[in-house]
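Listed below are the residues making up each chain.
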Amino acid sequence: MDTLNTLPFYLFAFLSVAGGILLVALRNPVSSALAMVLSFVGLAGLFIGLNAYFVGIVQVLVYAGAIMVLFIFIIMLLDLNDEENVKFRSSSVLAGIIIPLLLLAQVLGVIQAGHQGEEAEFKKIDRASMKVSAEKFVRNDGDGKALPLSEQSAIYKSLTHEKSPKLPDTNLIGHTIFKSYNFPLQVMGALLLVATIGVVVLSKRSNKQAPSES
Amino acid sequence: MASLNEFLFVSGLVFAIGLAGVILRRNIIVIFMCLELMLAAASLTLVAFSRFHLKDGLPDYNGQVFVFFIITVAAAEVAVGLAIIVALYRARQTINVEDLTSMRG
């Protein structure tokens, strides 16, 4: 049981670290973009291992799908392939190795100072704990911000399902967003709109430039 | 299940690799990809703590909502950043950061 759960962790951790190293090491930008996708898929696997199914799937869709295509599109558009003969300067190589190592040492120090051993293990999400939280959603004795959920709601039904209770991850994220983060969500929508307009303005060729330059 | 510390270590390692890429590489598009990698590594920390800090027996979904917002902002940022790179390439015919020194003063 224990190895069953830790093996995927090491597999996906290895994938994300190896993808990161390839992203830095490969000279061809297209290979770098594909290595970045490898790394993001590894991270998405780690998210799913942490019971964050929705975030893991969104990570694959947005990063490995949309953003990777955008990067490859721009690389192909600019037609860059003359980086093979670029030499790294020794000063920047030194800085590029020492500064991340310092950061890593600091992270290790912080981890050493935090929870250790049994305390750092993840608690299980089982049938009993899901039942308790489902009751809490119906009674709503937490913050008085939202109306209590009814016993017909998808969250309650999924949490207290008799045969196979499941974690209704997406429903709970939606519940949290619309209950506590309604205004930030609207700000995010405005941000996306502004970004869309900004991209159109930026990539529009100004009329002053000569049309021969293409 | 692996412990919290292992997740935090992997997150720190991926973040450090991204930082190394930002310092080492000269191609501005690859630097941009390394920045995205650093953002995603930070998200892993948020998700790990969200799962670790159980609230009423469920993960603390505030952390995962935060990750959702990070992904949204990263998508907008990539779109705008790549548009800026294309505009830069049109103006200067290069994306090597060592040739782009007009802001050095």
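Residues numbered from 1 in each chain as written. Chains lettered and ligands numbered in written order. Predicted model: local features only at pLDDT ≥ 70, side-chain atom pairs only at ≥ 80, totals over all residues.

Q: Just checking my understanding: could you explain the overall build of chain A for this structure?
A: Check the secondary structure of chain A and you find eight helices and zero strands. N-terminal to C-terminal, the α/β element order of chain A is α-α-α-α-α-α-α-α. For chain A, the share of sequence-separated contacts (at least 6 apart) that also reach a separation of at least 24 residues comes to 47%. (Helix = DSSP H or I, 4+ residues; strand = E, 2+ residues; numbered from the N terminus. Contact = placed C-beta atoms within 7 Å.)

Q: Whenever I open this one, the overall build of chain B confuses me. Can you help?
A: A count of helices and strands for chain B gives three helices and zero strands. In chain B, the order of α-helices and β-strands from amino to carboxyl end is α-α-α. Radius of gyration (C-alpha) of chain B: 18 Å, far over the 13 Å computed for a compact globule of 105 residues. Taking the principal axes of the C-alpha coordinates as reference, chain B spans close to 55 × 25 × 25 Å. A burial count over chain B gives 49% of its 105 residues as buried. Within chain B, contacts between residues separated by at least 24 positions form 48% of all contacts whose residues are at least 6 apart in sequence. (Rg over C-alpha atoms; globule rule 2.2 N^0.38 Å. Buried ≥ 20, exposed ≤ 12 C-beta atoms within 10 Å, placed from the backbone.)

Q: Would you mind going over the interface of chain A and chain B with me for this structure?
A: A common measure of how large an interface is: the accessible area buried when the components associate. At the interface, 74 residues of chain A touch 64 residues of chain B. Counting residues per element, the ones that place at least two in the side of chain A that touches chain B are α1 (2-25), α2 (29-49), α3 (53-78), α4 (90-113), α5 (127-139), α7 (169-180) and α8 (182-203) of chain A. Of the residues forming the side of chain A that touches chain B, the biggest block, twelve residues, is contributed by α3(A). Grouping the amino acids of the side of chain A that touches chain B by side-chain chemistry returns 54 nonpolar, 16 polar and four charged. (Nonpolar A, V, L, I, M, F, W, Y, C, P; charged D, E, K, R; others polar.)

Q: Which parts of the structure should I look at to understand helix α3 (residues 61-92) of chain B?
A: Quick reminder: α-helices carry 3.6 residues per turn. Residues three or four places apart thus point the same way. The end-to-end C-alpha distance of α3(B) is 46 Å, a good match for the 46 Å that 32 residues give at a rise of 1.5 Å each. Tucked into the core, α3(B) has its buried residues touching α3, α7 and α8 of chain A together with α2 (28-52) of chain B. Looking at the residues trailing α3(B), positive phi occurs at Q93(B), about 65°. (Expected span 1.5 Å × (residues − 1).)

Q: Got a minute to help me understand the nonpolar core in this structure?
A: Considering soluble globular proteins, one finds that nonpolar side chains tend to be buried as a cluster. In terms of nonpolar packing, the biggest core is built from 67 residues, with M33(B), L44(B) and V47(B) touching the most fellow members. Those residues in contact with L44(B) that sit more than four places away from it in its chain are L43(A), L46(A), F7(B), V10(B) and S11(B). (Core = buried A, V, L, I, M, F, W, Y, C linked by C-beta atoms within 7 Å.)

Q: Any chance you could explain unusual backbone geometry here in plain terms?
A: The general pattern is negative phi for most residues beyond glycine and trans for most peptide bonds. Notably, N51(A) is not glycine yet its phi reads approximately 65°, a positive angle. If you check the backbone angles, Q93(B) has positive phi at about 65° while not being a glycine. Structurally, Q93(B) is set in the segment after α3. Residue classification places Q93(B) among the exposed residues on the basis of 10 C-beta atoms within 10 Å.

Q: It is not clear to me how α3(A) should be interpreted in this structure. Could you clarify?
A: The terminal C-alpha atoms of α3(A) lie 36 Å apart, and with 26 residues this matches the ideal 38 Å at 1.5 Å per residue to within 8%. Along its length, α3(A) reaches its greatest deviation from straightness, about 30°, at M68(A). Turning to α3(A), its buried residues number three or more, namely F54(A), V55(A), G56(A), V58(A), Q59(A), Y63(A), I67(A), F71(A), I74(A) and I75(A). Buried-residue contacts for α3(A) involve α2 and α7 of chain A together with α2 and α3 of chain B. D79(A) sits one or two residues past α3(A) and shows a positive phi near 55°. (Bend = angle between axes of the 7 residues up to and from the residue.)

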